[in-house]
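# Coordinate inspection notes
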Amino acid sequence: MTGSPRSPGPQTALSVTNGGSPVRFTLREVHHLPSSALTALAEGLDSDPVAGLRIRMQGEGDGWILILLPLPSAYRILQRLTGTPAEPRDLTEIECSAVEEVGNIVASSFLSELGDVLGRRFFPSAPELHLDNTSRLVRDTLASLHTVGTEGLVVHALLEDPEGRIQGQLFVVPDVD
């Protein structure tokens, strides 16, 4: 996806939250799968704890966006934003809010770009932060879809900074009415 005049794109939006350092947003895969394969996909994902952001996609198409940040990446983001050490700990309410705001920036930029490409308007809900394992977050998100339908589309993108210290994944799963 490329940036448009009205949308700075995920890379530009994230570089602001990363202290001006560029963050690469790379589309890795797009899967068009039968709905039965979506649950299997969740089972095959890493079971390590992550900071997962669930964001409802609304507008001229519904679905979910999942942004998955390994906990070390979430701590590094917080270090950049708040100056706190990038070490394991329980997150404060303010730190949770900061991670949710990063998710809001990523989702808003991504949906703006997607809308430009498809000629539609999409809006994100407020992000929900979940500290859990990846497979459970994906499974729970799939379970919350109104209707999965016979097929689904999974967009898998990667977020990385040049030093490789902040990494994450973004999944988009549309809801079929």
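Scroll up for the structure.
Quantities reported herein were computed from a predicted structural model and do not represent experimental measurements.

## Quick look at the packing of aromatic side chains
Enumeration according to the criterion identifies 0 aromatic pairs in this entry. We note Arg 54 situated over the ring of Trp 64; from NZ or CZ to the ring centre the distance is 4.4 Å.

## A look at the packing of helix 3 (residues 71-82) against helix 4 (residues 93-118)
Between helix 3 and helix 4, whose axes approach to 10 Å, the crossing angle comes to 100°. Viewed along their axes, helix 3 and helix 4 adopt a mutual orientation that is roughly perpendicular. Facing helix 3, whose interface residues are Ile 77, Leu 78 and Leu 81, helix 4 presents Glu 95, Ala 98, Val 99 and Val 102. When its residues are assigned to classes, the contact of helix 3 with helix 4 shows 6 nonpolar, no polar and 1 charged.

## With respect to the pattern of salt bridges
Counted according to the given criterion, the structure contains 3 salt bridges. Notably, a salt bridge pairs Arg 136 with Asp 132, separated by 2.6 Å at the nearest N-O pair. Arg 136 sits in the partly exposed class, given a relative accessible area of 36%.

## Structural notes on the nonpolar core
Among the nonpolar cores identified, the biggest contains 30 residues, and Ile 65, Ile 67, Phe 110 and Leu 170 are the most heavily contacted of them. Only strand 2 (49-59), strand 3 (63-70), helix 3, helix 4, strand 6 (151-160) and strand 7 (167-174) provide two or more residues apiece to this core. Examining the composition of this core, we find that 8 residues originate from one element, helix 4, more than from any other. The residues touching Leu 170, leaving out its near neighbours within four places in the chain, are Phe 25, Ile 65, Leu 66, Ile 67, Val 106, Phe 110, Val 155, His 156 and Ala 157.

## Focus: the environment of Val 138
Examined against the element boundaries, Val 138 turns out to sit in helix 5 (residues 134-144). Residue class for Val 138 comes out buried when judged on its relative accessible area of 8%. Between the C-alpha atom of Val 138 and that of Arg 54, which follows or precedes it by 84 residues, the distance is 9.4 Å.

## What to know about helix 3
For helix 3, which comprises 12 residues, the first-to-last C-alpha distance of 16 Å matches the rise-based estimate of 16 Å (1.5 Å per residue) to within 8%. Along helix 3, the positions that sit buried rather than exposed are Leu 71, Ser 73, Ala 74, Tyr 75, Ile 77 and Leu 78. Gly 83 sits one or two positions beyond helix 3 and adopts a positive phi of about 80°.

About the cut-offs
- Residues numbered from 1 in each chain as written.
- Predicted model: local features only at pLDDT ≥ 70, side-chain atom pairs only at ≥ 80, totals over all residues.
- Heavy atoms only, no water.
- Phe/Tyr/Trp six-rings, centres within 6.5 Å; stacked < 30°, edge-to-face > 60°.
- Lys NZ or Arg CZ within 6 Å of the ring centre and 35° of its normal.
- Axes fitted to C-alpha atoms, helices over the stretch in contact; angles between N-to-C directions.
- Helix = DSSP H or I, 4+ residues; strand = E, 2+ residues; numbered from the N terminus.
- Parallel < 35°, antiparallel > 145°, perpendicular 65-115°, else oblique.
- Contact = heavy atoms within 4.5 Å.
- Nonpolar A, V, L, I, M, F, W, Y, C, P; charged D, E, K, R; others polar.
- Salt bridge = Lys/Arg side-chain N within 4 Å of Asp/Glu carboxyl O.
- Buried < 20%, exposed > 50% of the residue type's maximum accessible area, 1.4 Å probe, protein only.
- Core = buried A, V, L, I, M, F, W, Y, C linked by side-chain atoms within 4.5 Å.
- Expected span 1.5 Å × (residues − 1).

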